[in-house]
Amino acid sequence: MGVNSMDEIRVTGGKPLRGSVSVQGSKNAALPMMAASLLHRGVSVLRGCPKIADVYCMEEILKELGASTWWRGNDLYLDCAGADRTEVPGDKTGKMRSSVILLGAMLGRNRKGLMGYPGGCVIGRRPIDLHLYVLKKMGASIADGEGYISAVCPRLAGTEILFPKSSVGATEQGILAAVLAEGETVLCRCACEPEIVWLCRYLKKMGAKIQGEGSREIRIQGVETLSGGDMKVPADRIAAGTYLCAAAATRGKIVIENPPEGELDAFLQVYRKIGGQYEGKSGKLIADGSGVRFPLPFLETEEYPGFPTDLQSPLMAVLATIPGESHIRENIFEDRFKLAGELNKMGASVAVSGRDAWIRGNASLSGCEVKAEELRGGAALILAALAAQGSTVIKGYSFVRRGYEHICRDFAALGGIIEDTGTT
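Note that this is a predicted model, so its numbers are computed, not measured. (Residues numbered from 1 in each chain as written. Predicted model: local features only at pLDDT ≥ 70, side-chain atom pairs only at ≥ 80, totals over all residues. Heavy atoms only, no water.)

A. Region of the structure containing the overall build of the protein chain. Each helix and strand counted, the protein chain has 14 helices and 24 strands in total. In terms of overall size, the protein chain behaves like a compact globule, its C-alpha atoms giving a radius of gyration of 21 Å where 424 residues would be expected to give roughly 22 Å. Along the three orthogonal principal directions, the C-alpha set of the protein chain runs to about 60 × 45 × 40 Å. For the protein chain, the residues scored as buried account for 58% of the 424 residues in total. For the protein chain, the proportion of contacts with a sequence separation of at least 24, taken over those separated by at least 6, is 72%. Surface accessibility of the protein chain: about 15,700 Å² in total, with carbon and sulfur atoms responsible for 47%. The averaged location of the 48 negative side-chain charges in the protein chain is 2 Å from the averaged location of its 50 positive side-chain charges. (Helix = DSSP H or I, 4+ residues; strand = E, 2+ residues; numbered from the N terminus. Rg over C-alpha atoms; globule rule 2.2 N^0.38 Å. Buried < 20%, exposed > 50% of the residue type's maximum accessible area, 1.4 Å probe, protein only. Contact = heavy atoms within 4.5 Å. Areas by Shrake-Rupley, 256 points an atom, 1.4 Å probe, with all protein chains shown as cover. Lys, Arg positive; Asp, Glu negative; His and termini not counted. Charge placed at Lys NZ, Arg CZ, Asp CG, Glu CD.)

In structure tokens form, the structure reads like this:
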């Protein structure tokens, strides 16, 4: 995804955020639920689905396969009765890495699938070898050619799959492939992220037989057919964490109206360590960032329930406003520090070596022109700009729109001064 001169926003910072905000539906839950909808030959609905670029991209891919889709407010209807085409061109899949999870669903439904190589944010290699490993173990023949992947299988067969390492996407791939497979599939060393639990809940509503979601071992008994899905997309834990980081960076106080229950525990522990305060009250999360002032001696990203890699960049933006030295180790993606150079332009001092970053914060960041290169780093630049003195122009805003539905509107409602100078 390139950056053009119109693709920018202007933020005037230095003002603590205050007020209440509702969080959008989860990007990372909605996308696999959309893929799961392909497994029913009829209508499914995702209620409260976020209207973001990645969802629109997945919607276009499903249309390419023959599905009909429509929206009623934020409810997305997916009629997959005629979704019997088996090829997805690379110009669609190249925009979004998670498109690869459609392969298991395509095999489960139509016995074959061919797609262009998946793309997405440039934050490291993010290989898809574990996805292909899963499908091969279940009997698929895979051809991984120049720019495309094809898979064929008369009927996927249940088996035991031991993941060599935990992977959210590969776990989802295994689940989607197994629900219509013959016999029992046992997935071992699964990822435990909440998005996997939500996918399983959605599939169980469709009639899938799944046990153990949220644990390291998931058992799936294949069924012949699934009925339509109908479920509310849960609140986005990464968006919620981003907004909490915005309150911390600006030393503000905000209320999250619909916090994701229990999904932010690791983040909230860190929030408290840097001086933030929070409390749950009447189903809301009240966060006070006015006392944020302590650097973090050491933090590392981990698989769930550890500190999420997707909140590492927003947290770095907060630490850039705290005098003293903080240290972050990124264990999930090896190239997720692209933000560092842009924060340095604003007056922070971030030194990167391999998977480690040392942040010497500055209580008085200065606005300037910066550029987003990926989704979470782009959101983090907005947080730094809200905290900085003066005006910041952020180029590459389209990356942010991949995962945040109304980030500018929401921050403006909290008192932030944000102007979308580009196209929307």
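Alright, that's what it looks like, and here's the rest.
B. Spatial organisation of the nonpolar core. Within the largest apolar cluster, 71 residues are counted, with the highest numbers of intra-cluster contacts made by Ile175 and Leu203. Filtering out sequence-adjacent residues up to four positions away, leucine 203 remains in contact with Ala36, Leu39, Ile175, Leu176, Val179, Ala208, Ile210 and Leu226. (Core = buried A, V, L, I, M, F, W, Y, C linked by side-chain atoms within 4.5 Å.)

C. Quick peek at the side chain of glutamine 173. The topology assignment puts glutamine 173 in helix α6 (residues 168-178). Within the structure, glutamine 173 has its side chain in polar contact with the backbone oxygen of valine 100 (distance 3.0 Å). (Polar contact = N/O pair within 3.5 Å; in protein donor to acceptor, adjacent residues only side chain to side chain.)

D. Examining the packing of aromatic side chains more closely. In this structure the tally under the stated criterion is five aromatic pairs. Plain terms: the ring middles of tyrosine 243 and phenylalanine 411 are 5.1 Å apart, the flat faces sit at 55 degrees to each other, and that makes the pair tilted. With tyrosine 243 in helix α8 (residues 237-250) and phenylalanine 411 in helix α14 (residues 407-413), the pair connects residues that are 168 residues apart, well separated along the chain. The burial state of tyrosine 243 is the same as that of phenylalanine 411; both residues are buried. Each residue in the set Phe267, Tyr271 and Phe307 is aromatic and connected to the rest through ring pairs, giving one cluster. (Phe/Tyr/Trp six-rings, centres within 6.5 Å; stacked < 30°, edge-to-face > 60°.)

E. Highlighting empty space enclosed by the protein. Applying the stated criterion across every chain, the model contains one cavity of 30 Å³ or more. One number sums up the size of the largest cavity: a volume of about 50 Å³. As for the largest cavity, its lining consists of Lys338, Leu339, Glu342, Lys371, Ala372, Glu373, Glu374, Gly377, Gly378 and Leu381. The set of elements that each furnish at least two residues to the lining of the largest cavity consists of α11 (339-345) and α12 (375-387). Ranked by residue count, the leading element in the lining of the largest cavity is α12, at three residues. (1 Å grid on protein atoms, 1.4 Å probe; cavity = no way out; pocket = protein on both sides within 12 Å on 5 of 7 lines; lining within 4 Å. Points joined across faces, edges and corners; volume = space filled by probe spheres on them.)

F. View of the pairing of strand β7 (residues 112-116). Both strand β6 (residues 87-88) and β7 contribute to a ladder of two bridges, which runs parallel. The partner of glutamate 87 across the bridge, within β7, is leucine 114. Judged from the five bridges that link them, β7 and strand β9 (residues 148-152) form a sheet pairing that is antiparallel. Across the sheet, residue glycine 113 finds its bridge partner in β9, namely alanine 151. (Pairing = 2+ DSSP bridges.)

G. Layout of the sheet that holds strand β11 (residues 184-188). Sheet architecture is open: four strands sit in the order β10-β11-β13-β12, paired in mixed fashion. Taken across any chain shown, the strands that pair with only one partner, and hence form the sheet edges, are β10 (160-162) and β12 (209-211). Taking each pair of neighbouring strands and ignoring which way they run, the sheet shows an average axis angle of 15 degrees. Bridge count between β11 and strand β13 (residues 217-221): five bridges; the pairing is antiparallel. Bridging across to β13, threonine 185 finds its partner in isoleucine 220. (Axes fitted to C-alpha atoms, helices over the stretch in contact; angles between N-to-C directions.)

H. Geometry of the environment of threonine 250. Within the element layout of this structure, threonine 250 appears in helix α8. Between the alpha carbons of threonine 250 and alanine 388 there is a distance of 8.4 Å; along the sequence they are 138 residues apart. Excluding its chain neighbours within four sequence positions, the residues that come into contact with threonine 250 are Lys15, Pro16, Leu17, Leu386 and Ala387. Looking at threonine 250, its side chain comes within polar contact range of the main-chain oxygen of alanine 246, at 2.9 Å.

Fair warning: the whole summary comes from geometry, so function is off the table for now.
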